[in-house]
Amino acid sequence: MKIAVLHGPNLNRLGKREPHIYGTATLAELEALIRAAAKPLGARVVFFQSNHEGALIDQIHELADAGIDGLIVNFGAYSHTSIALFDALKSVSPLPAVEVHISDLKKRERFRHHSYSAAACIGQVAGKGFPGYVEALQLLVKHLGPTRRAVARRATSPRA
Ligand code: CA2
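These remarks concern the structure in this document. (Residues numbered from 1 in each chain as written. Predicted model: local features only at pLDDT ≥ 70, side-chain atom pairs only at ≥ 80, totals over all residues. Heavy atoms only, no water.)

1. Quick notes on the pattern of salt bridges
Should their charged atoms come close, side chains of opposite charge can pair. We apply this condition: Salt bridges are defined by distance alone: a side-chain nitrogen of Lys or Arg within 4 Å of a carboxyl oxygen of Asp or Glu. Each residue is placed in one exposure class: buried if its accessible area under a 1.4 Å probe, protein chains only, is under 20% of its type's maximum, exposed if it is over 50%, and partly exposed if it falls in between.
Evaluated as defined, the whole model comprises four salt bridges. A salt bridge links Asp104 to Lys107; the nearest nitrogen and oxygen atoms lie 3.7 Å apart. For Lys107, a relative accessible area of 71% puts it in the exposed group. Taken together, the salt bridges that share partners define one network made up of Arg108, Glu109 and Arg112.

2. With respect to the environment of Gly70
This is how the line gets drawn: Runs of E in the DSSP output that reach at least two residues are strands. Runs of H or I that reach at least four are helices, and both are numbered from the N terminus. Any pair of residues with heavy atoms lying within 4.5 Å of one another is described as a contacting pair.
Relative to the assigned elements, Gly70 resides in strand β3 (residues 70–74). Each C-alpha atom, one on Gly70 and one on Ala97, is 5.8 Å from the other, the two residues being 27 residues apart in sequence. Those residues in contact with Gly70, other than ones at most four positions away along the chain, are Lys2, Ile3, Ala4, Leu95, Pro96, Leu140 and Leu144.

3. Remarks on the site of the ligand
Using the following cut-off: Here a residue counts as near a molecule or strand whenever at least one of its heavy atoms sits within 4 Å of it. Between N or O atoms, a polar contact is any pair within 3.5 Å; within protein, one atom must be a potential hydrogen donor and the other a potential acceptor, and residues adjacent in sequence are included only when both atoms are from side chains. Using a 1.4 Å probe, the Shrake-Rupley method yields the accessible areas, and only the shown protein chains count as cover for residues.
For the ligand, the set of nearby residues contains 17 residues, the closest of which are Asn74, His80, Ile102, Ser103 and Arg112. Within the contact set of the ligand, an oxygen atom lies 2.8 Å away from a side-chain nitrogen or oxygen of His101. Expressed as a share of its isolated accessible area of 510 Å², the protein-covered part of the ligand is 92%.

4. Side note on unusual backbone geometry
Of the consecutive residues Ser93 and Pro94, the connecting peptide bond is found in the cis state with omega at 10°. Along the chain, Pro94 falls in the loop between α4 (83–91) and β4 (97–101). Even without a glycine there, the phi angle at Asn10 is positive, about 75°. Look at Asn10 and you get exposed, because its relative accessible area is 55%. You will see that Glu18, though not glycine, has its phi angle at about 50°, which is positive. Here Glu18 is to be found in the loop between β1 (2–7) and α1 (19–22).

5. Considerations on the nonpolar core
Definition in use: Throughout this description, the term nonpolar core refers to a set of buried Ala, Val, Leu, Ile, Met, Phe, Trp, Tyr and Cys residues connected via side-chain atoms within 4.5 Å.
By size, the foremost hydrophobic cluster in this structure holds 24 residues, and its most contacted members are Ile3, Ile72, Tyr133 and Leu137. When residues of this core are traced back to their parent elements, those giving at least two are β1, α2 (27–38), β4 and α5 (131–156). Ranked by residue count, the leading element in this core is α5, at seven residues. Leaving out residues up to four positions away in the same chain, Leu137 has contacts with Ile3, Ile34, Ala37, Ala38, Leu41, Val45 and Ile72.

6. Describing the sheet that holds β3
We apply this condition: A pair of strands counts as paired when DSSP detects no fewer than two bridges linking them. To get an axis, a line is fitted to the C-alpha atoms, and for a helix only the part in contact is used. The angle between two axes follows their N-to-C directions and goes from 0 to 180 degrees.
Spatial ordering of the open sheet is given by β2-β1-β3-β4-β5, a layout of five strands whose pairing is parallel. Here the strands that pair on one side only, and so sit at the sheet edges, are β2 (44–49) and β5 (123–126). Here the average twist between neighbouring strands, direction ignored, is 20°. The sheet contacts of helix α3 (residues 53–65) involve β1, β2 and β3, and relative to β1 the element is tilted by about 175°.

Structural data, given as structure tokens:
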């Protein structure tokens, strides 16, 4: 099972500013945590970060065409503005995505309360810090389990 984690704008700055909101760990440390959590779940993870909306969209298309099994996305501020990223997730449906936000959006500025991209995801985890990514991974693996077993059964069963 191969899962991609997409990081949106400014997440490459994690650990450098605003530690009271995002903590003190870096993006590399976050990725190490996710990779370690993925192993016992039988998942392999790949990572992509961009500060550009179009690059994130291109990456979603490329990953889907390459046969990725699921996505974990934190589109950062684009979550609150980008119908194009919502459309990108819809354009690769039924590829499942789980949205993560490190901070608790509901406790922050009003403009962060709504996420366009969350509406194209099977779930959202927000306000749990870095462990939220591990929760998202577990959610995705649980979702993919029965789906993938059903696909495997269809592939091996004789045609009617
Ligand atoms: O809580 C989250 O994960 C966010 O997606 C983070 C975004 C923010 O725009 C969203 O509303 C919520 C910001 C990305 C990180 O920005 C940094 C700012 C300063 C220092 C380090 C990272």
